[in-house]
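Letter by letter, the chains look like this.
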Amino acid sequence: MIIAGPCSAETREQTLETCRRVAATGLVHILRAGVWKPRTKPGSFEGVGMKGLVWMNEARQETGLPFGVEVATPKHVEAALEFGADVLWVGARTTGNPFSVQDIADALRGTDVTVLVKNPMNPDIDLWAGAVARLQNAGVRKLGLIHRGFSAYGVSRYRNNPMWHLAIEMRSRMPELPMICDPSHIAGKREYLREVAQKGADLNFDGLIIESHICPAQALSDAAQQVTPDDLETLLRSIVWRQSTTDNPEYKDQLSALRRQIDQIDAETFELLSKRMRVAEQIGRVKRQNNVAILQGGRWNSIVEKVVAQAPQLGVSEEFLKTVLEAIHLESINLQNKVMNE
Ligand code: PEP
Ligand code: MN
């Protein structure tokens, strides 16, 4: 499922021409445009409003493709439905606000429009799932999810941190809902679009939503991440979609042998970790007998240094080792705390 179109409908000409050319790729199933834009700073271009719906309606008539818009208030829902929008999506800033999501859900009661729910800005799966539940409780049946990454602090490669594991976790909680990837808002820059889109395909997402503009450099919103319809076509043709599984018996044999190895290694790993924790408890007892504090900063730093230095030989990242060590340290401290207070 490919959704594409401008970040924002800006003028009739830009909207229609982008939609025409996006549709002409023959690779796009749904057109998109924002007509009400949630902007970080006041005074930025905030969308053309209802006029944009008129243009998207025209684009639909010309191309024969359905269209979707973002809604953030009951008024938006009402207007979008009046113009027969085929798909509505709840933006990241709105998903994070239960009051707004509830208002939207109430406005959608009794309709049968398709609604896509973007993840909230902050990496909170429960908040995302809660928004979906509010819509389900209001009787919205045709639902889908959009992964657009999570707000990142400081400078990083992407505009929004993908945190793919959270999308995967959401998918396993709601396996019946299709999930599409939004490489435009994750990447933030067109040069990274392809790698993010391919990652989405590798992770078995059900589709992509990508922003396209006839003249990206002049776009009134998200200029750095939009691509021309020609570049969109090149990008879409380059994506390799994986099958979710295969009946090839050789593949199945290889996979189950490897999975048996993984299960065995996991069992041994946790057995060892358990042993380590028992030793940590003994240390706690020794410290208690000698009335010594649990936290010995220098000791811990030297463990971290020693382990992290092994990252290259171990073939894993320093970040991974630090995350694992942090979890081990936390559990050790909790256990030592417990024996201290026995
Ligand atoms: C958008 O799709 O144009 C948009 C505003 O996205 P998000 O809600 O993901 O920031
Ligand atoms: Mn955008």
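Bear in mind the structure is a predicted one, so any value in this text is a computation, not a measurement.

Conventions and cut-offs
- Residues numbered from 1 in each chain as written.
- Chains lettered and ligands numbered in written order.
- Predicted model: local features only at pLDDT ≥ 70, side-chain atom pairs only at ≥ 80, totals over all residues.
- Heavy atoms only, no water.
- Buried < 20%, exposed > 50% of the residue type's maximum accessible area, 1.4 Å probe, protein only.
- Helix = DSSP H or I, 4+ residues; strand = E, 2+ residues; numbered from the N terminus.
- Pairing = 2+ DSSP bridges.
- Phe/Tyr/Trp six-rings, centres within 6.5 Å; stacked < 30°, edge-to-face > 60°.
- Near = heavy atom within 4 Å.
- Polar contact = N/O pair within 3.5 Å; in protein donor to acceptor, adjacent residues only side chain to side chain.
- Areas by Shrake-Rupley, 256 points an atom, 1.4 Å probe, with all protein chains shown as cover.
- Nonpolar A, V, L, I, M, F, W, Y, C, P; charged D, E, K, R; others polar.
- Expected span 1.5 Å × (residues − 1).
- Arc of directions from axis to C-beta.
- Contact = heavy atoms within 4.5 Å.
- Donors = N, O, S within 2.8 Å, 3.2 Å for Na, K, Ca; no water.
- Salt bridge = Lys/Arg side-chain N within 4 Å of Asp/Glu carboxyl O.
- Core = buried A, V, L, I, M, F, W, Y, C linked by side-chain atoms within 4.5 Å.

> Sorry, what's going on with the pairing of strand β5 (residues 114–118) here?
Side-chain positions along a regular strand alternate between the two faces of the sheet. Most of β5 is tucked away, with four of its five residues classed as buried. Relative to β5, strand β4 (residues 87–90) runs parallel, the two sharing four bridges. Across the sheet, the residue bridging to W89 is L116, located in β5. Sheet topology note: the β5/strand β6 (residues 143–147) ladder contains four bridges and is parallel. Its bridge partner being in β6, V115 is matched across the sheet by L143.

> Help me understand the packing of aromatic side chains, please; the structure alone is not making it clear to me.
Aromatic rings considered in pairs are described by the distance between their centres and by the relative angle of their planes. In the structure shown here, the tally under the stated rule is two aromatic pairs. Considering the side-chain rings of W164 and F205, the 5.9 Å spacing of their centres and the 85° angle between planes classify their relative orientation as edge-to-face. Taken together, the residues W164 in helix α7 (residues 164–173) and F205 in the loop between α9 (193–202) and β10 (207–211) connect sequence positions 41 residues apart.

> Just checking my understanding: could you explain the site of ligand 1 for this structure?
Taken together, the residues surrounding ligand 1 are C7, R32, K37, E70, W89, G91, A92, R93, K118, R148, H185 and E211. Here an oxygen atom of ligand 1 sits 2.6 Å away from a polar atom, N or O, in the side chain of R148. Across the complex, the protein chains shield 97% of the 300 Å² of accessible surface that ligand 1 would expose by itself. Here the residues of the shell around ligand 1 sort into three nonpolar, two polar and seven charged.

> In this structure, what is going on with helix α2 (residues 50–63)? I would like to understand it.
In an α-helix, one turn spans 3.6 residues, which is why side chains three or four residues apart end up on the same side. Here α2 spans 20 Å end to end across 14 residues, near enough to the 20 Å set by a 1.5 Å rise per residue. Of the residues making up α2, those classed as buried are G52, L53, W55, M56, A59 and R60. Along the axis of α2, the buried residues cluster in a sector spanning 165°; they form a single face. Tucked into the core, α2 has its buried residues touching α1 (12–24), β2 (30–32), β3 (67–71) and α3 (74–82). Note on α2: the residue one or two positions beyond its end, G64, has a positive phi of about 75°.

> Teacher, can you tell me more about the coordination of the manganese ion (ligand 2) here?
A four-donor tetrahedral metal ideally has 109.5 degree angles, and a six-donor octahedral metal ideally has angles of 90 or 180 degrees. Looking at the manganese ion (ligand 2), one finds its protein donor set to be C7 (SG), H185 (NE2), E211 (OE) and D222 (OD), positioned 2.1 to 2.5 Å from the metal centre. Expressed as a motif, the donor residue spacing for the manganese ion (ligand 2) is C-x177-H-x25-E-x10-D. Taken as a pair, H185 in helix α8 (residues 183–187) and D222 in the loop between β10 and α10 (229–238) lie far apart in primary sequence, 37 residues in all. In this structure H185 comes out as buried when scored by relative accessible area, which is 8%. Residue D222 is classed as buried on the basis of its relative accessible area of 18%.

> Explain the pattern of salt bridges here, please?
Side-chain pairs of opposite charge can arise whenever the charged atoms involved come near each other. Within this structure, the stated rule accounts for 18 salt bridges. We note a salt bridge from D112 to K142, for which the minimum N-O separation is 3.7 Å. Remark: K142 occurs in the loop between α6 (125–137) and β6 and D112 occurs in the loop between α5 (98–108) and β5; sequence separation between them is 30 residues. Residue classification places D112 among the exposed positions, given a relative accessible area of 58%. Ionic pairing is found between R242 and D202, a salt bridge with its closest N-O pair at 2.6 Å. Of the two residues, R242 is situated in the loop between α10 and α11 (249–289) and D202 in helix α9; the sequence distance between them amounts to 40 residues. Overall, the relative accessible area of 37% leaves D202 in the partly exposed class. In this structure, a network of salt bridges that share partners links the residues E17, R20 and E62.

> What's the story with the environment of L325 in this structure? I'm lost.
Structurally, the position occupied by L325 is in helix α14 (residues 318–340). The buried category is assigned to L325, whose relative accessible area is 8%. Each C-alpha atom of the pair L325 and V140 lies 44 Å from the other, and the pair is 185 residues apart in sequence. The contacts of L325, once residues within four sequence positions are left out, are W300, I303, V304 and V307.

> How should the nonpolar core be read in this particular structure?
A general feature of soluble globular proteins is that nonpolar side chains tend to end up buried together. Of all hydrophobic cores here, the largest spans 70 residues; its most connected members are L88, L108 and M170. By residue number, the principal contributor to this core is α6, which donates six residues. Ignoring anything within four residues of it in the chain, the contact list for M170 reads I125, W128, A129, V132, L145 and M179. Residues I3, L116, I146 and I180 belong to the second largest nonpolar core, which totals eight residues.

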